[in-house]
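# Working through the structure, step by step
Chain residues, written in single-letter form:
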Amino acid sequence: GENVEQHPSTLSVQEGDSAVIKCTYSDSASNYFPWYKQELGKRPQLIIDIRSNVGEKKDQRIAVTLNKTAKHFSLHITETQPEDSAVYFCAAPYSGAGSYQLTFGKGTKLSVIP
Amino acid sequence: DVKVTQSSRYLVKRTGEKVFLECVQDMDHENMFWYRQDPGLGLRLIYFSYDVKMKEKGDIPEGYSVSREKKERFSLILESASTNQTSMYLCATTTGQYGYTFGSGTRLTVV
């Protein structure tokens, strides 16, 4: 299987500052790394993902970077806003073709202070 | 948009009861998953299914079973509910190779 470690477990930032969440994974064959955002009382939703053939992907204020050598990937949120407050989960796939299982990190609770 | 519907938002059951959690998706997706979510533990995979009548154990299958008689429906069964199964249960299906869509969750309390 896959082991995914996520840090920090909680993160508080001032509105307008940047936030960075890091994850490490164990399976060097993993090739897909999604990030999910879960607002309070709601379902997790995919916000960005990256495949192993690229090192960085951006979508407006969020970006994900991948270092395959070190087996870690990070979520970067710039110019944070109160609506960014949520729990964020990283994930990586189990090894084994076709199973589409994801192993999730334990989550990071991000609080953006106005 | 893919819709994943979980039949109950909140459930309260007694210890020892048999509990059924239902999940229905409105697209023709082969892969469906059941996760439980607990504070500080994240999302942990209980069971998944990649086709009708097919099922595979995840990381924490003990005390659970599943049923997939039709492609659109994936049921999680707690054979004899216990208090340590009090949790949020999330169903998911794939929209793409790995892009999960989650249901809104069932918060189960076992008393």
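Residues numbered from 1 in each chain as written. Chains lettered and ligands numbered in written order. Predicted model: local features only at pLDDT ≥ 70, side-chain atom pairs only at ≥ 80, totals over all residues. Heavy atoms only, no water.

Before going further, it helps to examine the state of the cysteines. Residues and elements named next belong to chain A. Under the definition given, this model contains two disulfides over all chains. Covalent S-S linkage joins Cys 23 and Cys 90, the inter-sulfur distance amounting to 1.9 Å. Looking down the S-S bond of the Cys 23 and Cys 90 bridge, the torsion is -95°, so its handedness is left-handed. In this pair, Cys 23 sits in strand β3 (residues 19–25) while Cys 90 sits in strand β9 (residues 86–93), placing the two residues 67 residues apart along the sequence. Given the relative accessible area of 0%, Cys 23 is considered buried. Looking at Cys 90, the relative accessible area reads 0%, which means it is buried. (Disulfide = S-S within 2.5 Å. Helix = DSSP H or I, 4+ residues; strand = E, 2+ residues; numbered from the N terminus. Buried < 20%, exposed > 50% of the residue type's maximum accessible area, 1.4 Å probe, protein only.)

Right, let's talk about the sheet that holds strand β8 (residues 73–78) of chain B for a bit. All names here are of chain B. Taken in spatial order, the four strands of this open sheet run β1-β3-β8-β7, and their pairing is antiparallel. Because the sheet does not close on itself, it has two edges, and the strands there are β1 (4–6) and β7 (64–70). Mean inter-strand twist for the sheet, computed between neighbouring axes without regard to direction, equals 20°. Alignment of β7 against β8, held across five bridges, turns out to be antiparallel. Within β8, the position partnered with Ser 67 by the bridge is Ser 75. (Pairing = 2+ DSSP bridges. Axes fitted to C-alpha atoms, helices over the stretch in contact; angles between N-to-C directions.)

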